[in-house]
Amino acid sequence: MSRKFDVAVVGATGLVGETMIRTLEERSFPVGKLYPLASSRSAGRTVTFRDEAIPVGVLDEFDFGQVEIALFSAGGSVSAEFAPRAASAGAVAIDNTSYFRMHDDVPLVVPEVNADRVADYANRGIIANPNCSTIQLVVALKPIHDAVGIERINVATYQAISGAGRAALEDMNEDAERIVAGGDPVARGAAKHVAFNAVPQIGDFQANGFTTEEMKLVFETRKILEAPDIRVNPTAVRIPVLYGHCEAVNIETREKLTAPDARALLQDAPGVSVIDGHELGGYPTPATDAAHRDPVFVGRLREDPSHPKGLDLWIVADNIRKGAALNSVQIAEILASRFLTEVAPRAVAAATSN
């Protein structure tokens, strides 16, 4: 690819923003000029890109007319204000927050699953990145759904603390040190500490008793797979793991699929790595396999003895990489290679926003 693209990264000093920048470099994305952006609190900081220290700009002062692509990971309220501003200036905004995911005119994209939906960026100049748990779930289930159809998904997620951000990760590490030393974790209101614990609440509780994190799995899975009738029954748990979300998944399919056939489908699936030996250690875990790596790992494939068309899977992926930064950069790669031609896209995006 000969053309270069100027890229803004909003939230550049956060865990995901830092990983976005690192992923752009690792994958040799054709960046012309990089604009790392954050709030005024980050004034004076720098980020390193291609061995160059680049000052972090102040988001409120940035002119998005300078870039073709803007990667957002700075919170829903920030995206709500600045992603449309970027699109109006002619950039394509790829948003990692939940704000735009369920907007009908904004595509929700996982490149291994529905890359064709990237074309819908022209609606508003915005593409939404799904929830981290949804991404790894649909990457693993897409080949099965295509082959035999999925009617119902029961999923329990066991989510790494990094999914709650850098401050939560630091809080957990502090609590762990205090507990090991014989002390008590820091009291943080009614919230239960994660260190050496398992906390079955991620997000706020809804009227139906599920949390916002759990309902994201329901709605986003249906939208991405374009299967509004799939029944999804989720439980989301925070666990004391640094990087890598885990999912214990039971699915009910329309047609019978054996475990060996499911394994064969997944071994050929893009973005999936199968570790499925029936012996000690023959399965993926977050710390030993997924952390700081790109694939979605699948193991513990077996047929459900309680249902004639049931399958069980164990799915693990790095929530900061594939669950956020990598997926965003993959979307940018599709934009750059298929849709952003020598004619700058900003005129198209600006026109659609008027």
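1. Quick word on the overall build of the chain
- Counting its regular elements, the chain contains 10 helices and 14 strands.
- Taken over the C-alpha trace, the chain has a radius of gyration of 20 Å; the compact-globule value for 354 residues is 20 Å, and the two agree within 12%.
- Taken along its principal axes, the extent of the C-alpha atoms in the chain is 60 × 55 × 40 Å.
- Counting only residues that meet the buried cut, the chain has 52% of its 354 residues in that class.
- Pairs at least 24 residues apart make up 70% of the contacts formed inside the chain by residues separated by at least 6 positions.

2. Section: the packing of aromatic side chains
- Using the criterion set out here, one finds seven aromatic pairs in the structure.
- Ring geometry for Phe5 versus Phe29: centroids 6.2 Å apart, planes at 45 degrees, classification tilted. Here Phe5 is found in strand E1 (residues 5-10), whereas its partner Phe29 is found in the loop between helix H1 (15-26) and strand E2 (31-38), with 24 residues between them in sequence.
- Among the aromatic residues, those joined into a ring-pair cluster are Tyr35, Phe62, Phe64 and Phe72.

3. Topic: the layout of surface pockets
- Within this model, the largest pocket holds a volume of roughly 1000 Å³.
- Contributing to the lining of the largest pocket are 48 residues, with Val16, Ser73, Ala74, Gly75 and Gly165 lying nearest its centre.
- Among the secondary structure elements, those contributing two or more residues to the lining of the largest pocket are H1, E2, helix H2 (76-88), helix H5 (166-180), helix H6 (212-225) and helix H9 (321-339).
- At four residues, H2 tops the list of elements feeding residues into the lining of the largest pocket.
- Among the residues making up the lining of the largest pocket, the classes are represented as 17 nonpolar, 23 polar and eight charged.
- Computed from the structure, the second largest pocket encloses a volume of approximately 470 Å³.
- Of the residues forming the lining of the second largest pocket, the biggest block, four residues, is contributed by H5.

4. What about the sheet that holds strand E6 (residues 69-72)?
- Overall, parallel pairing links the six strands, which are arranged E5-E2-E1-E6-E7-E8 in an open sheet. Sheet topology places strand E5 (57-58) and strand E8 (126-128) at the edges, where each strand pairs with a single neighbour.
- Packed on one face of the sheet, H1 meets E1, E2 and E6 and runs near 160 degrees to E1.
- Lying over the sheet, H9 contacts E1, E6, strand E7 (92-95) and E8, oriented at roughly 155 degrees with respect to E7.

5. Details of the environment of Ile144
- Its place among the elements puts Ile144 in helix H4 (residues 132-148).
- Judged by relative accessible area, Ile144 falls into the buried class, the value being 0%.
- Between the alpha carbons of Ile144 and Ile251 there is a distance of 9.8 Å; along the sequence they are 107 residues apart.
- Residues in contact with Ile144, not counting those within four places in the same chain, are Gly149, Ile150, Ile251, Thr253, Leu257, Leu265, Leu266 and Leu313.

6. Some words on unusual backbone geometry
- At Ser28, a residue that is not glycine, the phi angle is positive and equals roughly 55 degrees.
- Mapped onto the elements of the fold, Ser28 is located in the loop between H1 and E2.
- For Ser28, a relative accessible area of 57% translates into the label exposed.

Scoring rules and cut-offs
Residues numbered from 1 in each chain as written. Predicted model: local features only at pLDDT ≥ 70, side-chain atom pairs only at ≥ 80, totals over all residues. Heavy atoms only, no water. Helix = DSSP H or I, 4+ residues; strand = E, 2+ residues; numbered from the N terminus. Rg over C-alpha atoms; globule rule 2.2 N^0.38 Å. Buried < 20%, exposed > 50% of the residue type's maximum accessible area, 1.4 Å probe, protein only. Contact = heavy atoms within 4.5 Å. Phe/Tyr/Trp six-rings, centres within 6.5 Å; stacked < 30°, edge-to-face > 60°. 1 Å grid on protein atoms, 1.4 Å probe; cavity = no way out; pocket = protein on both sides within 12 Å on 5 of 7 lines; lining within 4 Å. Points joined across faces, edges and corners; volume = space filled by probe spheres on them. Nonpolar A, V, L, I, M, F, W, Y, C, P; charged D, E, K, R; others polar. Pairing = 2+ DSSP bridges. Axes fitted to C-alpha atoms, helices over the stretch in contact; angles between N-to-C directions.

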